[in-house]
Amino acid sequence: MAANQSTEWRTVCEKFRLAQELSEIESRKDPENNPFRSKYKARDLLKEIHCSLKKNQIEEEGEADNEEADCESREVVAGELENQCGKACSGDSPAGIRVARLAVVQYYLGVNHIETEELSAGEQHLMNCMKLVDKCTTTRENVSLFIQARNQLGILWAGRDEIEKAQGFLEIAESMYLLYMKEDGQPPLDLQDYFVLEGEELSEQEKIRRFEMAYTHTLYYLAQVYKNLEQFERAGQYCHSTLQRQLEYKQFVPLEWAINAATLSQYYITKTRYMEARHCLAAASVIANLAGEIPSEAAAKESDAECEKREELLQKRAEIARCWIKYCLNMLQDAKKLLEDNIGELDLDRQEELQRARRNEEEEKEKGRKSAILFGSSDTFDSICSLEEKVSSMLPFDFEEARGIFLVGQSYVAQAKEYFAMDGHVTDHIEILQDHSALFKVLAFFEQDLERRCKMHKRRVDMLEPICKDLNAQYYLLICRQLQFELAETYYEMMDLKLAVADKQDQPDVHTIKKFNHLCSSSMKYYQMFLDSIRSPEGKFPEKLEDDLLRPALVAKFRVARLQSKLISNNVAAQLENLTHSLESYNFVVQYCEENPEAKTVVETELELSMEMASLLPLKINRIKSKMTSCN
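This is a predicted model, so every value here is computed, not measured.

### Description of the overall build of the chain
Point 1. The helix and strand tally for the chain stands at 23 helices and zero strands.
Point 2. Taken over C-alpha atoms, the radius of gyration comes to 35 Å for the chain, far larger than the 26 Å a tight globule of 632 residues would show.
Point 3. The average position of the 80 basic charges and that of the 110 acidic charges among the side chains of the chain differ by 6 Å.

### Quick notes on the packing of helix α13 (residues 304–339) against helix α16 (residues 399–419)
Point 1. Running from N to C, α13 and α16 cross one another at 155 degrees; their axes reach a closest spacing of 8 Å. Classified by the angle between their axes, α13 and α16 sit roughly antiparallel to one another. At the point where α13 passes α16, the crossing takes the left-handed sense. Contact with α13, carried on its side by Glu-311, Leu-314, Gln-315, Arg-317, Ala-318, Ala-321, Arg-322, Trp-324, Ile-325, Cys-328, Met-331 and Leu-332, involves Ala-402, Ile-405, Phe-406, Val-408, Gly-409, Tyr-412, Val-413, Gln-415, Ala-416 and Tyr-419 of α16 and no other residues of that element.
Point 2. For the contact of α13 with α16, the per-class residue count stands at 16 nonpolar, three polar and three charged.

### Focus on the state of the cysteines
Here, disulfide denotes a covalent bond that connects the sulfur atoms of two cysteines.
Point 1. Following the criterion strictly, the structure yields zero disulfides and no others.
Point 2. Left unpaired, Cys-323 is separated from the closest cysteine sulfur, that of Cys-280, by 10 Å.
Point 3. We note that Cys-520 lacks a disulfide partner, and the nearest cysteine sulfur, in Cys-454, lies 12 Å from it.
Point 4. Judged by relative accessible area, which is 0%, Cys-520 ranks as buried.

### Some thoughts on the side chain of Gln-484
Point 1. Locating Gln-484 in the fold gives a position in helix α19 (residues 477–503).
Point 2. Ignoring sequence-local partners within four residues, the contact set of Gln-484 consists of Cys-468, Tyr-526, Met-529, Phe-530 and Ser-533.

### Examining the layout of surface pockets
Point 1. Of the pockets and cavities examined, the largest pocket occupies roughly 1,100 Å³.
Point 2. In this structure, the largest pocket is lined by 33 residues; those nearest its centre are Ile-343, Tyr-492, Glu-493, Asp-496 and Arg-559.
Point 3. For the lining of the largest pocket, the secondary structure elements donating two or more residues are α17 (426–446), α18 (450–470), α19, α21 (547–566) and α23 (604–631).
Point 4. No other element matches α19, which puts eight residues into the lining of the largest pocket.
Point 5. In terms of residue class, the lining of the largest pocket is built from twelve nonpolar, five polar and 16 charged.

### Some details on α21
Point 1. The end-to-end C-alpha distance of α21, which contains 20 residues, comes to 30 Å, matching closely the 28 Å that a straight helix rising 1.5 Å per residue would cover.
Point 2. Of all 20 residues that make up α21, 14 are buried, and the element is covered over most of its length.

### Section: the packing of aromatic side chains
Point 1. Here the structure, examined in full by the defined rule, presents 25 aromatic pairs.
Point 2. The interplanar angle of 65 degrees and the centroid separation of 6.0 Å between the aromatic rings of Phe-558 and Tyr-586 together place this pair among those described as edge-to-face. Remark: Tyr-586 occurs in helix α22 (residues 572–595) and Phe-558 occurs in helix α21; sequence separation between them is 28 residues. Across the pair, Tyr-586 and Phe-558 agree in class, each one buried.
Point 3. One aromatic cluster is present, formed by Trp-9, Phe-16, Tyr-107, Tyr-108 and Phe-195 through successive ring pairs.
Point 4. One Lys or Arg, Arg-559, reaches over the ring of Tyr-492 and ends 4.8 Å from the middle of that ring.

### Focus: the nonpolar core
Point 1. One finds Trp-324 and Tyr-327 to be the most contacted residues of the largest nonpolar core, which totals 112 residues.
Point 2. In terms of residue count, the dominant contributor to this core is α13 (14 residues).
Point 3. Membership of the second largest hydrophobic core comes to 57 residues, among which are Ala-100, Tyr-194, Ala-223 and Tyr-226.

### Things to note about the packing of helix α11 (residues 274–289) against helix α15 (residues 381–388)
For any two helices packed against each other, one specifies the crossing angle of their axes together with the interaxial distance.
Point 1. The N-to-C vectors of α11 and α15 enclose an angle of 125 degrees; their axes lie 9 Å apart at closest approach. Relative to α15, α11 is oriented oblique. Pair α11 / α15 crosses with right-handed handedness. Contact residues: α11 offers Met-275, Arg-278, His-279, Ala-282, Ala-283, Ser-285 and Val-286, while α15 offers Ser-383, Ile-384, Leu-387 and Glu-388.
Point 2. In the contact of α11 with α15, the residues fall into six nonpolar, three polar and two charged.

### Brief notes about the pattern of salt bridges
Point 1. One pass over the structure, following the stated rule, counts 38 salt bridges.
Point 2. Glu-276 is the partner of Arg-273 in a salt bridge, and the nearest nitrogen-oxygen pair spans 3.2 Å.
Point 3. The exposure class of Arg-273 is partly exposed, given its relative accessible area of 22%.
Point 4. Close ionic contact of Glu-297 with Arg-310 constitutes a salt bridge, the shortest N to O distance being 3.8 Å. One end of the pair, Glu-297, is in helix α12 (residues 297–302); the other, Arg-310, is in helix α13, with 13 residues separating them in the sequence.
Point 5. For Glu-297, a relative accessible area of 52% translates into the label exposed.
Point 6. Put simply, Asp-190, Glu-206, Arg-209 and Arg-210 are held in one network by salt bridges that share partners.

### Examining the side chain of Glu-174
Point 1. Positionally, Glu-174 belongs in helix α7 (residues 163–183).
Point 2. The buried charged residue Glu-174 lacks any salt bridge, with Arg-234 as its nearest oppositely charged partner at 5.7 Å.
Point 3. If sequence neighbours within four positions are ignored, Glu-174 has contacts with Tyr-215, Thr-218, Leu-219, Leu-222 and Tyr-238.

### Structural notes on the environment of Leu-348
Point 1. Examined against the element boundaries, Leu-348 turns out to sit in helix α14 (residues 348–370).
Point 2. On a C-alpha basis, the gap between Leu-348 and Lys-131 in space is 68 Å, while along the polypeptide they are 217 residues apart.

### Considerations on unusual backbone geometry
Point 1. Phi is positive for Glu-117, close to 65 degrees, though the residue is something other than glycine.
Point 2. Mapped onto the elements, Glu-117 comes out in the loop between α4 (94–115) and α5 (119–134).
Point 3. For Glu-117, a relative accessible area of 63% puts it in the exposed group.
Point 4. Unlike most non-glycine residues, Glu-230 shows phi in positive territory, near 65 degrees.
Point 5. Among the secondary structure elements, Glu-230 is positioned in the loop between α8 (204–228) and α9 (232–248).
Point 6. What makes Glu-230 exposed here is its relative accessible area of 60%.

### A word on the confidence of the model for the chain
Point 1. For the chain, per-residue confidence averages 89 on the pLDDT scale, and residues scoring 70 or more make up 92% of the total.
Point 2. No element of the chain has a lower mean pLDDT than helix α3 (residues 79–85), which averages 39, and none a higher one than α17, which averages 97.
Point 3. Here residues 63–87 is a poorly scored stretch, pLDDT under 50, and it has 37 contacts once near neighbours within four places are set aside; other chains count.

### Here's the deal with the environment of Lys-250
Point 1. Here Lys-250 lies in the loop between α9 and α10 (254–270).
Point 2. When the C-alpha atoms of Lys-250 and Gly-154 are compared, they prove to be 24 Å apart, with 96 residues separating the residues in sequence.

Calculation notes
- Residues numbered from 1 in each chain as written.
- Predicted model: local features only at pLDDT ≥ 70, side-chain atom pairs only at ≥ 80, totals over all residues.
- Heavy atoms only, no water.
- Helix = DSSP H or I, 4+ residues; strand = E, 2+ residues; numbered from the N terminus.
- Rg over C-alpha atoms; globule rule 2.2 N^0.38 Å.
- Lys, Arg positive; Asp, Glu negative; His and termini not counted.
- Charge placed at Lys NZ, Arg CZ, Asp CG, Glu CD.
- Axes fitted to C-alpha atoms, helices over the stretch in contact; angles between N-to-C directions.
- Parallel < 35°, antiparallel > 145°, perpendicular 65-115°, else oblique.
- Left-handed = near helix turned anticlockwise from the far one by under 90°.
- Contact = heavy atoms within 4.5 Å.
- Nonpolar A, V, L, I, M, F, W, Y, C, P; charged D, E, K, R; others polar.
- Disulfide = S-S within 2.5 Å.
- Buried < 20%, exposed > 50% of the residue type's maximum accessible area, 1.4 Å probe, protein only.
- 1 Å grid on protein atoms, 1.4 Å probe; cavity = no way out; pocket = protein on both sides within 12 Å on 5 of 7 lines; lining within 4 Å.
- Points joined across faces, edges and corners; volume = space filled by probe spheres on them.
- Expected span 1.5 Å × (residues − 1).
- Phe/Tyr/Trp six-rings, centres within 6.5 Å; stacked < 30°, edge-to-face > 60°.
- Lys NZ or Arg CZ within 6 Å of the ring centre and 35° of its normal.
- Core = buried A, V, L, I, M, F, W, Y, C linked by side-chain atoms within 4.5 Å.
- Salt bridge = Lys/Arg side-chain N within 4 Å of Asp/Glu carboxyl O.
- pLDDT = per-residue confidence, 0-100.

As C-alpha cells, this is what we get:
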C-alpha cells in the first residue's frame, strides 16, 4: 500500500511539475491560431491532480465504500470542510495540509482560467481556494497561499474597475503579511512545496525570496489601487516601497524598474519634493545601465534581436532623460515663483531672505528625509549617490545656482534629442525643444544683465523659429499655435528688454531703433499668425472664442495693440497709421469683453489697460492729425 501511495504521489508531483512547465514555458511557443493550447493542457493536468487528491482524501477518511467521487464535475464548496476539521482546523495539521493542497490546485486553476480570459470561472476557483484556506488557522504552511489568492482576486476586481473591492482583498493580504512577520517570521511553505518529493523542497532562502516577492506584488497592486482612488500620496508611498523591495530582493527587470522610478520622480516633482525626485531619477539612470550596452548601428542591421534591443535601450534612456529635464525645469520655475515681485522681476530683498532661511534649515531637513527613501544595494548605492551629487535638490536662489541646474537640464536635452529626432518623432522632438526654450526663459529671470538676458531669449528664437516655419499647420495645428505664441512672447520680452536698455540712453542711435522696431514687428507677426490660425476657412474671426483660446487670443490682441503703439518712426503718417491700428486692437479687446462678460475675469488686467488706452489714444491721434493739417 505504501509503495502504491509512493508511486501515486510521484505521479501527482510529476503532473504538477509538467502543468507548471506548460503554463510558464511552453505557452510562450503556442501558435497564434491556438494561443492557449498549453494552458488548456495544464488545466487538464490540474483537474487530474484534483481528482487524485479528492480520492486520497476519501480513502484516508474511510469513506470510499459509501461515496464514489465524480472528479470531472465536482467543485469544492465551503461545506466540505465542515466534516473534515470543523470551524478551525490547524493549518499545520494533517487535515490542514490536505486542505491546503486542494486549495493550491484551486488557486492554479483560477489563475489558469484568468490567463485564458475565462474570468468568471477563474474567480470561482480563487474563491474556492480562499474558502478552503479561511477554514484553517493561518500558519507557515498556508500564509503564502492566503496572500497570493487575495492578490489574484485584487487584480481580477481591479481589472473590472471594481477598485474598492480590489482594495479590500489586497489590504487583507497586506495585513496578513505584517501579522505573520510579527508573530512568526519563519520562511513559509511556497505553493510548489506541496507537490515535491521528499528531499526536493525549496531552500529556506528561496522560500523567503518567493514569499517576499508575493508581498511585493501586494504593495505594487495596492499602489495602482490607491492611484485609481486618487489617493496619490499613498500611491506614491506604496510605489516607492515596491521599488525598494524589488531592488532589495533582486526581483526586477532593469529598464522596467528604471521607468517606474523615473515616473515616480514626476509625482515627487508635483509635490516639490525635489530630493526624493532626484534620488528616483539617479536610481533610474543607474539601474537602466544594468540592462547592458547599446548595440551599435552595424550590429542592429545584422540582427533583429540586436535591433530591437538597441531601439528599446535608446528609447527608455531618452525617456529617463526627459524626466531629468522636467526635474531641472520645474526646480527653476518653482524658484522663480518664490523670487519674483508683482511685475515678474527678481525681488532682491526676497532673494536675501530666502538664502538666509535656507542656510539655517535645509541641511537638517535633507538629513531627516534622506534616511527614509534610499534606493540601491551595495552594488549600486555609490553610483546613485555619485549621480545625485551632480545636481542640487535645493531650489536655486541666484544665477550661479540656477545656471548649474540649467546646464544639467541642457545635457539631458541633448541626450533626449538623440533618440527623439525630428525625423520620426515630430511631436516628442518639439516638446523637448519647448522644454529647452523654457530652460533658457527661466534662466534669463536670474540674469540681471539686460543684454545677456536678451541673448538668452535669442537662443530660444533660434531653436524654435526654423521648426515653426517648416511645420505643416494642417497636420500640427495645435503645435504650430504653441510655437507661434511662444515666439511672439519671446520677441515681446526682447522688445521690453531693448526698451529698458534704450531708456538708460540719452538718445537711442539708429541701430538701436532699427533693432527695436524689428523686435516689435517680429512679435506682431507671430501674434498675428496665431490669431489668423483661429479664423474660419473663409477668413472670419469667431464671434465667440473657445475656452482654451479665450485668454491667449485676447492677450495676443492686447499685445499687438501695445506693439503697434511702440513702433518708432520719424514719419508722421506712419505714426498715425500705427496708432490707428493700435486703437483698433484695444477696442477689439474692450468690445469682445462687453459682448461676452465672462471674458472680463479671464483678462482683467489687460482689459483695464485696454479701456484706458482706448480713451487716451484718440486724443493722441487727433493731435497728430492737427499737426499734419497745420503742416499742410
